[in-house]
Amino acid sequence: MLRRTLIAGVIALFGLPAFAAPLPYTLGSDGATISYTFTIGGEKMVGTVPIASAALTIDATNLSASTAEVTADVRRARTGLIFATEALKSNSILAANDFPEARFQSTRVFLGNSGRIDDGAALEGLLTLRGVTRPVRFEAQMFRQPGTAAGDLRALNVLLTGSVNRRDFGADGYSELVDDTVQIEIKAHIETES
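Because the structure is predicted, anything quoted here is derived from the model rather than measured. (Residues numbered from 1 in each chain as written. Predicted model: local features only at pLDDT ≥ 70, side-chain atom pairs only at ≥ 80, totals over all residues. Heavy atoms only, no water.)

Asker: Any chance you could break down the packing of aromatic side chains for me, citing the residues and the numbers?
Answerer: Under the criterion given, the structure shown has two aromatic pairs. Judged by centre distance (5.8 Å) and plane angle (25°), the ring pair of Tyr36 and Phe38 falls under stacked. Judged by centre distance (5.4 Å) and plane angle (80°), the ring pair of Phe104 and Phe138 falls under edge-to-face. Here Phe138 lies in strand 6 (residues 132-144) and Phe104 lies in strand 4 (residues 101-111), a separation of 34 residues in the sequence. Accessibility classification places Phe104 together with Phe138 in one group, the buried group. When the ring centre of Phe110 is taken as reference, the NZ or CZ atom of Arg137 above it lies at 4.9 Å. (Phe/Tyr/Trp six-rings, centres within 6.5 Å; stacked < 30°, edge-to-face > 60°. Helix = DSSP H or I, 4+ residues; strand = E, 2+ residues; numbered from the N terminus. Buried < 20%, exposed > 50% of the residue type's maximum accessible area, 1.4 Å probe, protein only. Lys NZ or Arg CZ within 6 Å of the ring centre and 35° of its normal.)

As structure tokens, this is what we get:
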């Protein structure tokens, strides 16, 4: 009964027929960014890592069957300071030369309390960083393009937010200066040809 209620809620949100097929998505022309916030010496800093590739499949009639896979180019990670960027990519933190990619693979989708995606959702998955894979959870939001019809899912904006403990991945360098918790925000514009 709960599953049928969730599916009905998603169909109502998107205005899709009950037998709509899963739609594959890729990064759109506006691309995607991963921003991360960390504290160094008591001061918050923000950096970015470019997304190398993203593949998503969204099944509006069964969101639990939707998938996401995102790969980031760790070698191109940046902070606002040159010395902090070099320290970040060093062997004691990201080891970018040995592990040039970070990868997220979704494993489960959760809907908000109302059973509708517009009430919020969460995406669980596996994050691989420095060759270490750990489970993570991101709060997820998805929006149609402004001015589009309810059933028009050709272009979407996705926002994922969460945090990781860098020590869980062996990125424990400069612990006397840098806090262990890193906040992550992923913004992506995705498109489908369907």
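Asker: Run through the sheet that holds strand 5 (residues 121-129), naming residues and quoting values.
Answerer: Strand order in the closed barrel formed by eight strands is 1-2-3-4-5-6-7-8, with antiparallel pairing between adjacent strands. For this sheet the average axis-to-axis angle between neighbouring strands, irrespective of direction, equals 30°. Strand direction decides the pairing type here: strand 5 and strand 6, joined by nine bridges, are antiparallel. Bridged to Leu129 within strand 6 is Val132. (Pairing = 2+ DSSP bridges. Axes fitted to C-alpha atoms, helices over the stretch in contact; angles between N-to-C directions.)

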